[in-house]
Amino acid sequence: MSPTETTPAPTVPLANGAVMPRLGLGTWPLDDREAEAAVAQAIGIGYRLIDTAFNYGNEVGVGRGLAASGVKREELFVTTKLNKEDHGVDEVQRAFERSATKLDVDYIDLLLIHWPNPAQDRYVDAYRGLVRLLEDGRVSAIGVSNFKPAHVDRVLDATGVTPDVDQIELDPTRTRVAERAYLRRKGIVCESWSPLGGQHAGLREHPTVARIAEKRGRTPGQIILRWHMELGLVTVPKSADATRQRENLEVFDFALTREEIDEISALDRGGEGVTDSDAFGH
Ligand SMILES: NC(=O)c1ccc[n+]([C@@H]2O[C@H](COP(=O)([O-])OP(=O)(O)OC[C@H]3O[C@@H](n4cnc5c(N)ncnc54)[C@H](OP(=O)(O)O)[C@@H]3O)[C@@H](O)[C@H]2O)c1
């Protein structure tokens, strides 16, 4: 660890044997140039998990950032995701090759189906394609994103292989209680996207979050990210700014009380504001 590096995030074991850091860097909506700088900087600070997607159009920049970091490939955990055009067993092999080439890596740690796109009804075959990549050792872990329990049930029934991760939209206003309980029962790690509420600062400025932050001598972002950790989630906050990247990783040296966790969870809006993955996807 270099003197400027923060303690790395703890890890969680995944269903198919890999081990994943519990907190990493989101890279949407950074372009190649911004992603290269943000990823190299984040790894220098201590991040080991980097989250991208074919759809973000920044895999080349992310790959350059990984290389520029100077940290060994095996110490890093790289997630990317595939689009609906890639839903199919052979299509997924091609999507892997394309993303691995752009990222300039031999293997991908975690490859996710970005959205189920049920109208197209090809996500089960896409998942079969991921299972093949896992068996061939091209990826260390496989998973889904924005899958509802009914979608996960179908891939489980069809293949018998547990997805390692389901990455879903989750923050204190979208606590996804039923989905989290379902994923826990199935042994699937739940990963939060837009953990800080996304680009709008509303959640970060909420009086409840601000009051707890003030009381604990932490920033609102740290209080929200610690809440994700208390719930046992994996998450990938996005920041391109070095100070905020560091702040977001420094959430492993304190704990919230049961009462604070409940107060934050009470910001839930009963499912309002959750993107419906039966209707939206790419
Ligand atoms: N699977 C999916 O369908 C899906 C969908 C969306 C996103 N994602 C992934 O999830 C990642 C995170 O989601 P997100 O980027 O939508 O939202 P987010 O991480 O909840 O929030 C990002 C926003 O918060 C700001 N921010 C970050 N840290 C902060 C702090 N400590 N204090 C104040 N502001 C802070 C960032 O600005 P600065 O950069 O200026 O700090 C940015 O505007 C994405 O980057 C992407 O990798 C996945």
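Here the residue numbers are simple positions, counted from 1 along each chain's written sequence. Given that this is a predicted model, residues contribute local features only at a pLDDT of at least 70 and side-chain atom pairs are listed and counted only at 80 or more, while totals for whole chains, interfaces and linings are drawn from all residues.

Colleague: Can you lay out the overall build of the protein chain for me, pointing to particular residues and giving the numbers?
Modeller: Helix and strand assignments come from DSSP, with helices taken as H or I runs of at least 4 residues and strands as E runs of at least 2, each series counted from the N terminus. Each helix and strand in the protein chain was counted, giving 10 helices and 10 strands. The C-alpha radius of gyration computed for the protein chain amounts to 18 Å, which stays within 12% of the reference 19 Å derived for 282 residues, consistent with globular compactness. Principal-axis analysis of the C-alpha atoms gives the protein chain an extent of 55 × 45 × 30 Å. Burial statistics for the protein chain: of 282 residues in total, 46% are counted as buried. Contact between two residues is assigned when their C-beta atoms, built from the backbone, lie within 7 Å. Considering only intrachain contacts with a sequence separation of at least 6, the fraction spanning at least 24 residues in the protein chain is 74%. The atom set for the radius of gyration is the C-alpha atoms, and the globule formula is 2.2 Å times the number of residues raised to the power 0.38. Put simply, a residue is buried when 20 or more other C-beta atoms lie within 10 Å of its own C-beta and exposed when 12 or fewer do; between those, it is partly exposed, and each C-beta is set from the backbone.

Colleague: I'd like to hear about the environment of Glu59, residue by residue, with values.
Modeller: Relative to the assigned elements, Glu59 resides in helix H2 (residues 59–69). Separated by 23 residues in sequence, Glu59 and Glu36 place their C-alpha atoms 9.2 Å apart. For Glu59, the residues in contact, after removing those within four places along its chain, are Thr52, Phe54, Thr80, Ser99, Lys102 and Leu103.

Colleague: Can you break down the nonpolar core residue by residue, with the values?
Modeller: Residues Met20, Val39, Tyr47, Ile50, Leu110, Leu111 and Leu130 are the most contacted members of the largest nonpolar core, which totals 65 residues. Leave out the neighbours within four places in its chain, and Leu110 touches Met20, Thr79, Val139, Ser140, Ala141, Gly143, Asp164 and Val165. By definition, a nonpolar core groups buried Ala, Val, Leu, Ile, Met, Phe, Trp, Tyr and Cys residues that connect through C-beta atoms lying within 7 Å of each other.

Colleague: I'd love a proper account of the pairing of strand S9 (residues 189–193), names of residues and values included.
Modeller: Counting buried residues along S9, 5 of its 5 residues qualify, which places the element largely inside the surrounding structure. A two-sided burial pattern is seen for S9, the buried positions comprising Val189, Glu191 and Trp193 on one face and Cys190 and Ser192 on the other. Note on pairing: two strands pair once DSSP finds at least 2 bridges between them. Where strand S8 (residues 165–169) lies against S9, 5 bridges are found, and the strand directions are parallel. Residue pairing across strands places Asp166 opposite Cys190, the latter belonging to S9. Classification remark: right-handed applies to a crossover when, strands pointing away from the viewer, the course from the first strand over the helix to the second runs clockwise. With helix H6 (residues 177–186) bridging S8 and the parallel S9, this β-α-β connection has right-handed handedness. Looking at chain direction, S9 and strand S10 (residues 234–235) are connected through 2 bridges and run parallel. Among the inter-strand pairings, Glu191 is bridged to a residue of S10, identified as Val234.

Colleague: Provide a residue-level description of unusual backbone geometry, including the pertinent values.
Modeller: The residue after Trp28, namely Pro29, is reached through a cis peptide bond having omega 5°. Positioned with a positive phi, Asn146 is a non-glycine residue whose angle comes to about 65°. The class for Asn146 is buried, based on 24 C-beta atoms found within 10 Å.

Colleague: Explain the site of the ligand to me, using residue names and the numbers behind them.
Modeller: Neighbouring residues of the ligand: 27 residues in total, closest Gly26, Leu196, Gly221, Lys238 and Ser239. Of the residues forming the shell around the ligand, the biggest block, 3 residues, is contributed by helix H9 (residues 242–249). Classification convention: Asp, Glu, Lys, Arg as charged; Ala, Val, Leu, Ile, Met, Phe, Trp, Tyr, Cys, Pro as nonpolar; all other residues, Gly among them, as polar. Of the residues assigned to the shell around the ligand, the class counts are 7 nonpolar, 14 polar and 6 charged. We call a residue near a molecule or strand when the C-beta position, derived from backbone atoms, sits within 6 Å of it.

Colleague: Describe the packing of helix H8 (residues 220–230) against H9, with residues and values.
Modeller: Viewed as axis vectors pointing N to C, H8 and H9 meet at an angle of 35°, and their least axial separation amounts to 8 Å. When you trace H8 past H9, the crossing you get is right-handed. Residues Gly221, Gln222 and Leu225 of H8 form the contact with H9, whose own contacting residues are Arg244, Glu247 and Asn248. Of the residues belonging to the contact of H8 with H9, the class tally is 1 nonpolar, 3 polar and 2 charged. To obtain an axis, a line is fitted to C-alpha atoms, over the contacting stretch when the element is a helix, and the angle between two such axes runs from 0 to 180 degrees between their N-to-C directions. Two helices that cross are described as forming a left-handed crossing if the nearer one is turned anticlockwise from the farther one by less than a right angle, and a right-handed crossing if clockwise.

Colleague: So what's going on with the packing of H2 against helix H3 (residues 89–103)? Residues and values would help.
Modeller: Viewed as axis vectors pointing N to C, H2 and H3 meet at an angle of 50°, and their least axial separation amounts to 7 Å. For the element pair H2 / H3, the angle class is oblique. Contact with H2, carried on its side by Glu59, Val60, Val62 and Gly63, involves Ser99, Lys102 and Leu103 of H3 and no other residues of that element. Within the contact of H2 with H3, the residues separate by chemical class into 3 nonpolar, 2 polar and 2 charged. Every angle not falling under 35 degrees, over 145, or within 65 to 115 is termed oblique; those three ranges are roughly parallel, roughly antiparallel and roughly perpendicular.

Colleague: Tell me about the sheet that holds strand S6 (residues 108–113), and please be specific about residues and values.
Modeller: Working definition: the strands of a sheet are paired by backbone hydrogen bonds and lie parallel or antiparallel to each other. Reading across from one edge, S3-S4-S5-S6-S7-S8-S9-S10 is the order of the 8 strands in this open sheet, with parallel pairing throughout. Since the sheet does not close on itself, it has two edges, and those belong to strand S3 (25–26) and S10, each with one partner. Strand direction decides the pairing type here: strand S4 (residues 49–51) and strand S5 (residues 77–82), joined by 3 bridges, are parallel. Looking across to S5, one finds that Asp51 is bridged to Thr79.

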